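Structural features, examined
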Amino acid sequence: MTHDLTTSAIERQNVLNNNMAIASIQKALDIEAFLFEGSYYLTKQMVADFYEVDTRTIENYLASNEEELKHNGYFLCKGNKLKNLKLQFGYEKTFATKITQLGLFNFRAFLNIGMLLAESDKAKKVRSLILDIVISTINEKAGGGTKYINWHDREYLPAAIQEDNYRKNLTSSISAYVDGHPTYKYSAITDMIYKAVFKENAKEYRELLKLEPKDNARATMYAEVLRVISSFENGIGAAIHDKQAELNRKLSLAEVQNLINEQSESPAMAPFLYDARQKMASRDLGLRDVYHGNIAEYLRALSPEEFDRFIGSESIDLEKLLDNDENRKTLERLKK
């Protein structure tokens, strides 16, 4: 998809929360900053000089994006902190003795304002570099591609095994109690469940993720999404069984759709559906560069902890962990 960091607060925050990419960007830019109390900072003038704009432009962006910039590390240095700063750097004209406060940017805030500066050619080049590094960092940490980046989450395999077991409960009910073509009825009901959970059928999901015909869509889904699907499958399997017993006949696909609608509209399911949609929309945008238009209202920036969970120190290499035949067979079965 096309990225415009100047207009998308979510995409800016996804960059700034990706600590692995930030480290690579900092190394690539090699900017001049000063060390104070264990961190590197730039003044407003230093930022303006780097991006080749005047300080008034920086001030305008500070005024219109104050909350975001403060969240990402910009602050006003004053009081004893400013006194210490003057003592350490008093010989430099940047730190005039008469000032009572001084705006300081850490590296994240420096990048943040660079992603906002629409009129700076230098900032435009930095944004291009940022996007290149972010994409390459995620791909590298994911092992060369993001199709199975969900496998780097230690919660994935337990959720996938659980979903596989509940899937059997559903398929048994479909086989015994639902009318229709012996093959088509399974895919039709699966699409109904996908639509209820994340508002896309299997074909739409596969096209967005550019999956190959042999790829199992569920093998690419996040643990939270699989758990909601598990709940749906288990609930619908039981509902089909009970409805068949009540009517003493097989159900039509339309009747199954009604059961799925009832379950999706249940207040008890609302928080789980919200969580699954938010996780799918946000993680696929931040990690896979995939935009789910049908659930775009659920988008948010990924947290630093989520990046760490999938591509940082908390991530795992699932395939390397599956070093025995039983676990290997389990994974291969889930992928089919």
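**Brief notes about the nonpolar core**
With 87 residues, the main nonpolar core has Tyr51, Phe110, Leu111, Phe198 and Phe232 as its most contacted residues. Here this core gets eight residues from one element, more than from any other, and that element is helix 12 (residues 223-247). Residues contacting Phe232, with those up to four places away along its chain left out, are Ile193, Ala196, Val197, Ile260, Gln263, Ser264, Met269 and Leu273. Listed in part, the nine residues of the second largest apolar core include Phe36, Tyr41, Cys77 and Leu85.

**Considering the pattern of salt bridges**
Applying the stated criterion across every chain yields a total of 21 salt bridges. Glu204 is the salt-bridge partner of Lys195, the closest N and O atoms lying 3.5 Å from each other. You can call Lys195 partly exposed: its relative accessible area is 37%. By relative accessible area, which is 29% here, Glu204 ends up partly exposed. Salt-bridge contacts for Glu224 lead to Arg309; the nearest nitrogen and oxygen are separated by 3.0 Å. One end of the pair, Glu224, is in helix 12; the other, Arg309, is in helix 15 (residues 304-311), and 85 residues separate them in sequence. Judged by relative accessible area, which is 13%, Glu224 ranks as buried. When its relative accessible area of 21% is taken as the criterion, Arg309 is described as partly exposed. A single salt-bridge network, built from bridges that share partners, covers Asp153, Glu224, Arg283, Arg300, Glu306 and Arg309.

**Observations concerning the sheet that holds strand 4 (residues 101-105)**
Two strands in a sheet stick together by hydrogen bonds in their backbones, pointing the same way (parallel) or opposite ways (antiparallel). Taken together, the four strands give an open sheet; going across it, the order is 1-2-4-3, and neighbouring strands pair in antiparallel fashion. Edge positions in the sheet fall to strand 1 (34-36) and strand 3 (75-78), since each has one partner strand and no second. Taking the axes of each pair of neighbouring strands and ignoring which way they run, one obtains an average angle of 55° across the sheet. With four bridges joining them, strand 3 and strand 4 adopt antiparallel strand pairing. Of the residues in strand 4, the one forming a bridge with Cys77 is Leu102. Against the sheet, helix 3 (residues 44-51) engages strand 1, strand 2 (39-43) and strand 4, with an angle of about 75° to strand 2. Relative to strand 1, helix 6 (residues 79-89) is tilted by about 130°, and along the sheet it contacts strand 1, strand 3 and strand 4.

What counts, and at which threshold
Residues numbered from 1 in each chain as written. Predicted model: local features only at pLDDT ≥ 70, side-chain atom pairs only at ≥ 80, totals over all residues. Heavy atoms only, no water. Core = buried A, V, L, I, M, F, W, Y, C linked by side-chain atoms within 4.5 Å. Buried < 20%, exposed > 50% of the residue type's maximum accessible area, 1.4 Å probe, protein only. Helix = DSSP H or I, 4+ residues; strand = E, 2+ residues; numbered from the N terminus. Contact = heavy atoms within 4.5 Å. Salt bridge = Lys/Arg side-chain N within 4 Å of Asp/Glu carboxyl O. Pairing = 2+ DSSP bridges. Axes fitted to C-alpha atoms, helices over the stretch in contact; angles between N-to-C directions.

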